[in-house]
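# Descriptive analysis of the structure
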Amino acid sequence: MNNSTYNRILIKLSGESLFNFDGHANVGSHLIHIVQQIRDAVQMGSQVAIVLGGGNICRGRNMVKSGAKRVTADNVGMLATIINGLIFRDILDKEQIKTKLYSAFQVGSMVSFFEPRQAIDDLERGYVVICCGGTGNPFVSTDTAASLRAIQLEVGAIFKLTNVQGVYNKDPNQHEDAVFLPQCTFDQVIADQLKVMDTEAFRHCQMFNIPIHIASFQESNIILRLINHENIGTKVSSKEE
Ligand code: UDP
């Protein structure tokens, strides 16, 4: 690893970047590509932690629309991330990628309870650390889990891989004149309420000076390109560069 690459990263994968969960969890070509990139990144010496979302199975705020209590819906959402974790670990195992799977809350013998020092040790020994269970608390999303784990695991950057190219100055689905921002500051995304991540997640990363790269998981070789500081997607950081 040299100075122009990130040594330790945390990748936030939204549920929709994983698989349709219909009892089968078929692995699509984009997920195969993500997994291959994770393997390549580890082989090149990068330390990789992953926080998984659960939106392919359940999002709390959608579930309340069908009458569920918000706390129940969020608990189901967090359990959904555990389901994703179990399946995702198997997918990495098949590719001979060494993994450790952690949950934010106790789920018996199925998944280990998250312990940051142990997880750092795993990263240093070349394991991919998969974090699921969100934060273990309702009313936030797995973006907040990503920022907390990024701080605890002392990563150089978060890569939030999602279904959008990055950040625009306003919602591109509603405004034709929306302008794409290749970089912006935490102050700007918070002040302009650019809703690409929880505000709390931005505040955590601002406090600990951890840049967040937001990019599409469909982009080819996105993980390796971001590790090498290629300008792609949007970089949110403390200062304009
Ligand atoms: N969730 C929660 N607390 C957390 C993380 C997640 O309550 O710390 C719930 C919340 O209902 C959320 C769902 O789990 O909608 C799935 O997570 P998320 O929406 O972040 O998944 P993604 O959009 O990344 O697939």
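Anything mentioned here points back to the structure above.
Residues numbered from 1 in each chain as written. Predicted model: local features only at pLDDT ≥ 70, side-chain atom pairs only at ≥ 80, totals over all residues. Heavy atoms only, no water.

## What to know about the overall build of the protein chain
Basically, it comes down to this: Counting from the N terminus, the helices are the DSSP runs of H or I reaching at least four residues and the strands are the DSSP runs of E reaching at least two. Just to be clear, the radius of gyration here is over C-alpha atoms, and the globule rule we use is 2.2 Å times residues to the power 0.38. Partly exposed describes any residue whose relative accessible area lies between the buried limit of under 20% and the exposed limit of over 50%, with all areas from a 1.4 Å probe on protein chains only and scaled to the type maximum. Residues count as neighbours in contact if any of their non-hydrogen atoms are within 4.5 Å of one another. The protein chains shown are the only cover counted for residues, whose accessible areas, like all others here, come from Shrake-Rupley with a 1.4 Å probe.
Within the protein chain, the regular secondary structure consists of eight helices and eleven strands. Relative to the compact-globule value of 18 Å for 241 residues, the protein chain shows a C-alpha radius of gyration of 17 Å, a close match. Expressed as lengths along the three principal axes of its C-alpha atoms, the size of the protein chain is roughly 50 × 50 × 35 Å. When the 241 residues of the protein chain are sorted by exposure, 49% land in the buried category. Looking at the protein chain alone, contacts between residues at least 24 apart form 73% of all its contacts between residues at least 6 apart. For the protein chain, the computed accessible surface area is about 11700 Å², with 46% contributed by carbon and sulfur atoms.

## Side note on the packing of helix α5 (residues 142–152) against helix α7 (residues 199–207)
When two helices pack together, their arrangement is given by the angle between the helix axes and by the axis-to-axis distance. Applied cut-off: Here the axes come from fitting lines to C-alpha atoms, over the contacting stretch only for helices, and the angles between their N-to-C directions go from 0 to 180 degrees. Every angle not falling under 35 degrees, over 145, or within 65 to 115 is termed oblique; those three ranges are roughly parallel, roughly antiparallel and roughly perpendicular. By definition, any crossing whose near helix is turned counterclockwise from its far helix by less than a right angle is left-handed, and any crossing with a clockwise turn is right-handed. By the convention adopted, Pro, Cys, Tyr, Trp, Phe, Met, Ile, Leu, Val and Ala count as nonpolar, Lys, Arg, Asp and Glu as charged, and the other residues, Gly among them, as polar.
The contact between α5 and α7 brings their axes to 8 Å, and the two run at 15 degrees. Classified by the interaxial angle, the pair formed by α5 and α7 is roughly parallel. Regarding α5 and α7, the two cross each other, and that crossing is left-handed. Seen from α5, the contacting residues are D143, T144, S147, L148 and I151; seen from α7, they are E200, A201, H204 and C205. When grouped by side-chain class, the residues that make up the contact of α5 with α7 number four nonpolar, three polar and two charged.

## As for the side chain of S103
Along the chain, S103 falls in strand β3 (residues 99–103). Look at S103 and you get buried, because its relative accessible area is 1%. Setting aside its immediate chain neighbours within four residues, S103 contacts I82, V111, S112, F113, F114, C132 and G133.

## Brief notes about the nonpolar core
Stated precisely, the cut-off is as follows: What makes a nonpolar core is a set of buried Ala, Val, Leu, Ile, Met, Phe, Trp, Tyr and Cys residues whose side-chain atoms join them at distances within 4.5 Å.
By size, the foremost hydrophobic cluster in this structure holds 37 residues, and its most contacted members are I11, F88, F159, L161 and I223. Where this core is concerned, the elements lending two or more residues are β1 (8–13), α1 (29–43), β2 (47–52), α3 (70–94), β5 (128–132), β6 (157–162) and α8 (222–227). A119, I120, A146 and F202 belong to the second largest nonpolar core, which has 32 residues in total.

## Focus: the packing of α1 against α3
With their axes 10 Å apart at the nearest point, α1 and α3 run at an angle of 65 degrees to one another. α3 is crossed by α1, and the crossing has right-handed handedness. Listed contacts from α3 to L31, V35 and I38 of α1 are F88, I91 and L92. Residue composition of the contact of α1 with α3, grouped by class: six nonpolar, no polar and no charged.

## With respect to α1
Put simply, the rule reads: In this scheme, a helix's expected span is set at 1.5 Å multiplied by one less than its residue total. Arc definition: it is the arc formed by the directions from the helix axis to the C-beta atoms.
Here α1 is 15 residues long and its end C-alpha atoms lie 21 Å apart, about the 21 Å a rise of 1.5 Å per residue gives. Along α1, the residues classified as buried are L31, I34, V35, Q37, I38 and A41. Along the axis of α1, the buried residues cluster in a sector spanning 160 degrees; they form a single face. Those residues of α1 that are exposed and angled more than 90 degrees off the buried face are S29 and Q43. Tucked into the core, α1 has its buried residues touching β1, β2, α3, β5 and α8.

## What about α3?
For an α-helix, 3.6 residues make a turn, and residues three or four places apart therefore share a direction. Across its 25 residues, α3 extends 36 Å between first and last C-alpha, which sits within 8% of the 36 Å expected from 1.5 Å per residue. Those residues of α3 that fall on the buried side of the exposure criterion are A73, D74, G77, M78, A80, T81, I82, N84, G85, F88, I91 and L92.

## Things to note about the pattern of salt bridges
Stated formally: Take a side-chain nitrogen of Lys or Arg and a carboxyl oxygen of Asp or Glu: if they are within 4 Å of each other, that pair is a salt bridge.
Following the criterion strictly, the structure yields nine salt bridges and no others. E95 serves as the salt-bridge partner of R39, at 2.9 Å between the closest nitrogen and oxygen. You can see R39 sitting in helix α1 and its partner E95 sitting in the loop between α3 and β3, a full 56 residues away along the chain. For R39, a relative accessible area of 25% puts it in the partly exposed group. Between R125 and D122 there is a salt bridge, with the nearest N and O atoms lying 3.3 Å from each other. Judged by its relative accessible area of 0%, D122 is buried. Among the ionic contacts, a cluster of salt bridges with common partners joins K12, D143 and K160.

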